[in-house]
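What follows is each chain in one-letter form.
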Amino acid sequence: MLFNSIDFLIFLPIVFSLYWLLYKNLKIQNILLLISSYLFYGWWDYRFLALIAASTVVDYFVGLQIFKSNNKSTKKKWFLLSILFNLGLLGFFKYYNFFIESWVNSIATLGFSIENTWTLNIILPVGISFYTFQTLSYSIDIYKDKLTPTNNFIGFAAFVSFFPQLVAGPIERASNLLPQILKNRAFSYKILSSGIKLIIWGFFLKLVVADRAAIYVNAVYNNVESHDGLSFIAATVLFSFQIYGDFAGYSLIAIGVAKMFGLNLMTNFKRPYFAASISEFWSRWHISLSTWFKDYVYIPLGGNRVKKPRWMFNLFVTFLISGLWHGANWTFVIWGALNGLYLIIEAIIFKNKRTGLIHIIITFVLINLAWIFFRANTLDNAYYIINKIFTSPGHLYIGSGDDITASIYATIAIIMLLLVEAKKEFFDSLFSISKNKFEFVRLLGYAILIFIILYLGVFGESQFIYFQF
């Protein structure tokens with residue numbers, strides 16, 4: 001079920017109303033939350049419910065066994081079961097075909113050919129990268145004695161499948177979300193109001209910024225042979241705002257919906273395009289995933305507590321894995337590797353924290369260069385685009401009437417976004433509509449924003465970019 005669908009607009013008020021009618025009975029409230037989450041997820045394909053149910057059951061019982069085990073060897077065996085099950089699930093459905101095809105291509109470069117290979121002809125389960133990482137972190141934290149497992153299966157199942165953030169994050173830690181699910185929540189106008197405000201801004205980012213920009217981006221990136229360098233530069237810049245609006249928009253809607261249910265999710269984006277360095281960018285972009293990789297990959301490898309060559313290796317491998325997590329395609333691997341190299345070079349050259357407009361611009365340019373690999377359909381397309389940018393500027397693609405209108409609307413929306421975020425970044429103490437003491441001013445401001453969404457937004461239930469991961 002998509003946030004930007006009629007189905008969800010019917011689903012949310014019904015679940016919200018029933019949920020708060022049951023607020024005096026926490027168990028029944030959590031059962032409703034669980035059933036609603038499974039309905040939300042099963043709306044795409046009910047067959048994939050078996051996967052999330054299996055992941056829930058395995059990690060619930062594994063968590064209890066790890067905690068109960070006094071023998072280190074036994075504890076480690078249970079822990080490895082969780083690792084193998086979750087990564088095996090993810091690897092089979094997401095990466096099996098990728099590794100088979102990569103192996104066949106590698107053999108072909110040596111002059112050999114393989115006629116028959118067995119590949120999977122299935123749709124990638126939506127959100128599998130997100131909920132497997134969420135349940136996996138639960139087992140890891142218990143194994144490291146950072147978390148005590150719960151005996152409440154319904155509460156745990158609701159934590160794993162909590163519908164606002166199930167399919168595209170934020171990737172929540174059990175230490176944050178699970179205790180909230182296991183205790184009574186109280187309704188208030190304040191949580192409803194704050195949740196709706198986040199949802200409205202999230203829809204602006206998705207429907208107006210991202211989906212308007214996508215029209216031009218898709219026209220250029222899906223037909224690379226017909227375009228020159230200037231068109232690729234424009235499309236790449238627009239894509240940087242498309243993916244930000246799309247993913248940050250989803251995260252804000254998820255956080256807003258969770259607030260309506262009395263639950264607080266972690267912040268996932270913090271004005272990343274105002275970062276003055278690559279390291280700062282990654283502390284602002286997809287924060288739930290960045291911190292996940294930091295805590296469960298980078299630090300266990302040794303982090304920065306080792307000699308410099310090993311530290312570089314740790315950093316590079318972490319981003320290489322991060323790239324592969326985003327998709328079973330070499331374009332994502334190169335994207336991850338490029339960001340890893342950025343950070344290594346940055347740490348070698350710069351010793352002090354960077355600030356100022358020039359550093360923000362340099363960071364934005366470097367991030368956009370990496371986005372080319374992220375958005376390109378193939379590696380060949382990515383190399384072709386980069387070559388055109390540096391050797392053949394050519395003419396800027398304008399497009400048909402619809403494309404021109406979409407580009408104008410997207411530009412207006414991006415300017416609005418940058419003004420709002422610049423105000424938050426540099427002048428947060430100045431006048432704020434959302435925090436204004438006069439309710440009329442607040443309502444008028446959001447009424448105008450809703451009008452802009454309805455007038456400039458793209459409606460058609462377009463999927464969110466991160467659903468493919």
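Residues numbered from 1 in each chain as written. Predicted model: local features only at pLDDT ≥ 70, side-chain atom pairs only at ≥ 80, totals over all residues. Heavy atoms only, no water.

### Section: the nonpolar core
Right, so step 1: Among the nonpolar cores identified, the biggest contains 133 residues, and Phe204, Phe261, Trp285, Trp371 and Tyr466 are the most heavily contacted of them.
Right, so step 2: For this core, the leading source of residues is helix α9 (residues 229–260), giving 17 residues.
Right, so step 3: When residues are assigned to domains, this core turns out to be shared by domain 1 (6–186) and domain 2 (190–276 + 355–456), each giving three or more. (Core = buried A, V, L, I, M, F, W, Y, C linked by side-chain atoms within 4.5 Å. Buried < 20%, exposed > 50% of the residue type's maximum accessible area, 1.4 Å probe, protein only. Helix = DSSP H or I, 4+ residues; strand = E, 2+ residues; numbered from the N terminus. Domains from an automatic or database assignment.)

### Notes on unusual backbone geometry
Right, so step 1: Each neighbour pair has its own omega, and for Gly169 with Pro170 the value is 5°, a cis peptide bond.
Right, so step 2: For Pro170, the location among the structural elements is in the loop between α6 (153–161) and α7 (174–181).
Right, so step 3: Its identity as a non-glycine residue notwithstanding, Asp145 has a phi of 60°, on the positive side.
Right, so step 4: On the basis of relative accessibility, which here comes to 61%, the residue Asp145 falls in the exposed class.
Right, so step 5: Phi at His286 is positive, roughly 40°, even though this residue is not glycine.
Right, so step 6: Position of His286 relative to the elements: it lies in the loop between α10 (278–282) and α11 (287–301).
Right, so step 7: By relative accessible area, His286 is classed as buried at 1%.

### Structural notes on the packing of helix α1 (residues 6–21) against helix α2 (residues 26–42)
Right, so step 1: Look at α1 against α2: their axes get within 10 Å of each other, and the N-to-C directions meet at 170°. On the basis of the axis angle, α1 is roughly antiparallel to α2. Touching Phe8, Phe11, Val15, Leu18, Tyr19 and Trp20 of α1 are Gln29, Leu32, Leu33, Ser36, Leu39 and Phe40, all from α2.
Right, so step 2: Class assignment for the residues of the contact of α1 with α2 results in 10 nonpolar, 2 polar and no charged. (Axes fitted to C-alpha atoms, helices over the stretch in contact; angles between N-to-C directions. Parallel < 35°, antiparallel > 145°, perpendicular 65-115°, else oblique. Contact = heavy atoms within 4.5 Å. Nonpolar A, V, L, I, M, F, W, Y, C, P; charged D, E, K, R; others polar.)

### A few points about the side chain of Ser277
Right, so step 1: Among the structural elements, Ser277 can be located in the loop between α9 and α10.
Right, so step 2: With residues up to four places along the chain from it excluded, the contact list for Ser277 reads Glu346, Arg354 and Thr363.

### Brief notes about helix α13 (residues 330–349)
Right, so step 1: Compared with the 28 Å implied by 1.5 Å per residue over 20 residues, the 28 Å span of α13 between its first and last C-alpha is a close match.
Right, so step 2: Where α13 begins, one side-chain oxygen reaches toward the backbone nitrogen of Thr331, 3.0 Å away; that side chain belongs to Asn329. (Expected span 1.5 Å × (residues − 1). Polar contact = N/O pair within 3.5 Å; in protein donor to acceptor, adjacent residues only side chain to side chain.)

### Things to note about the packing of aromatic side chains
A ring pair, where both rings are aromatic, is described by two values, the distance of the centres and the angle of the planes.
Right, so step 1: Taken as a whole and judged by the stated rule, the model has 61 aromatic pairs.
Right, so step 2: Residues Phe130 and Trp325 carry aromatic rings whose centres are separated by 5.2 Å and whose planes lie at 75° to one another, so their mutual orientation is edge-to-face. Of this pair, Phe130 sits in helix α5 (residues 128–143) while Trp325 sits in helix α12 (residues 308–326), and the two are 195 residues apart along the sequence. Both residues of the pair, Phe130 and Trp325, belong to the buried class. (Phe/Tyr/Trp six-rings, centres within 6.5 Å; stacked < 30°, edge-to-face > 60°.)

### Description of the pattern of salt bridges
Right, so step 1: Following the criterion strictly, the structure yields 9 salt bridges and no others.
Right, so step 2: Note that Lys206 and Asp246 form a salt bridge whose closest N and O atoms lie 2.7 Å from each other. Here Lys206, found in helix α8 (residues 189–221), pairs with Asp246, found in helix α9; they are 40 residues apart in sequence, far enough to count as distant.
Right, so step 3: What makes Lys206 buried here is its relative accessible area of 0%.
Right, so step 4: For Asp246, a relative accessible area of 3% gives the class buried.
Right, so step 5: The salt bridge partner of Glu425 is Arg284, with a shortest N-O separation of 2.8 Å. With a gap of 141 residues between them, Glu425 in helix α16 (residues 401–426) and Arg284 in the loop between α10 and α11 connect regions that are remote in the sequence.
Right, so step 6: With relative accessibility at 10%, the residue Arg284 sits in the buried group.
Right, so step 7: The network of salt bridges with common partners includes Arg271, Glu280, Arg284 and Glu425. (Salt bridge = Lys/Arg side-chain N within 4 Å of Asp/Glu carboxyl O.)

### Quick word on the domain arrangement of the protein chain
Right, so step 1: Here the domain parsing of the protein chain yields domain 1 (6–186) and domain 2 (190–276 + 355–456).
Right, so step 2: At the interface, 24 residues of domain 1 touch 16 residues of domain 2.
Right, so step 3: Each partner contributes to the roughly 1,700 Å² buried at the junction of domain 1 and domain 2, and carbon and sulfur atoms together form 75% of this total.
Right, so step 4: A per-residue breakdown of the area domain 1 buries against domain 2 is headed by Phe16, Pro164 and Pro170, which together make up 29% of the total.
Right, so step 5: Where domain 1 meets domain 2, there are 0 salt bridges.
Right, so step 6: Our count for the domain 1 to domain 2 interface comes out at 6 residue pairs in polar contact (both at pLDDT 80 or more).
Right, so step 7: For the side of domain 1 that touches domain 2, the elements supplying multiple residues, two or more each, are α1 and α7.
Right, so step 8: Take the side of domain 1 that touches domain 2: its biggest share by element is 6 residues, from α1.
Right, so step 9: Grouping the amino acids of the side of domain 1 that touches domain 2 by side-chain chemistry returns 18 nonpolar, 4 polar and 2 charged. (Buried area = accessible area lost by both parts, 1.4 Å probe.)

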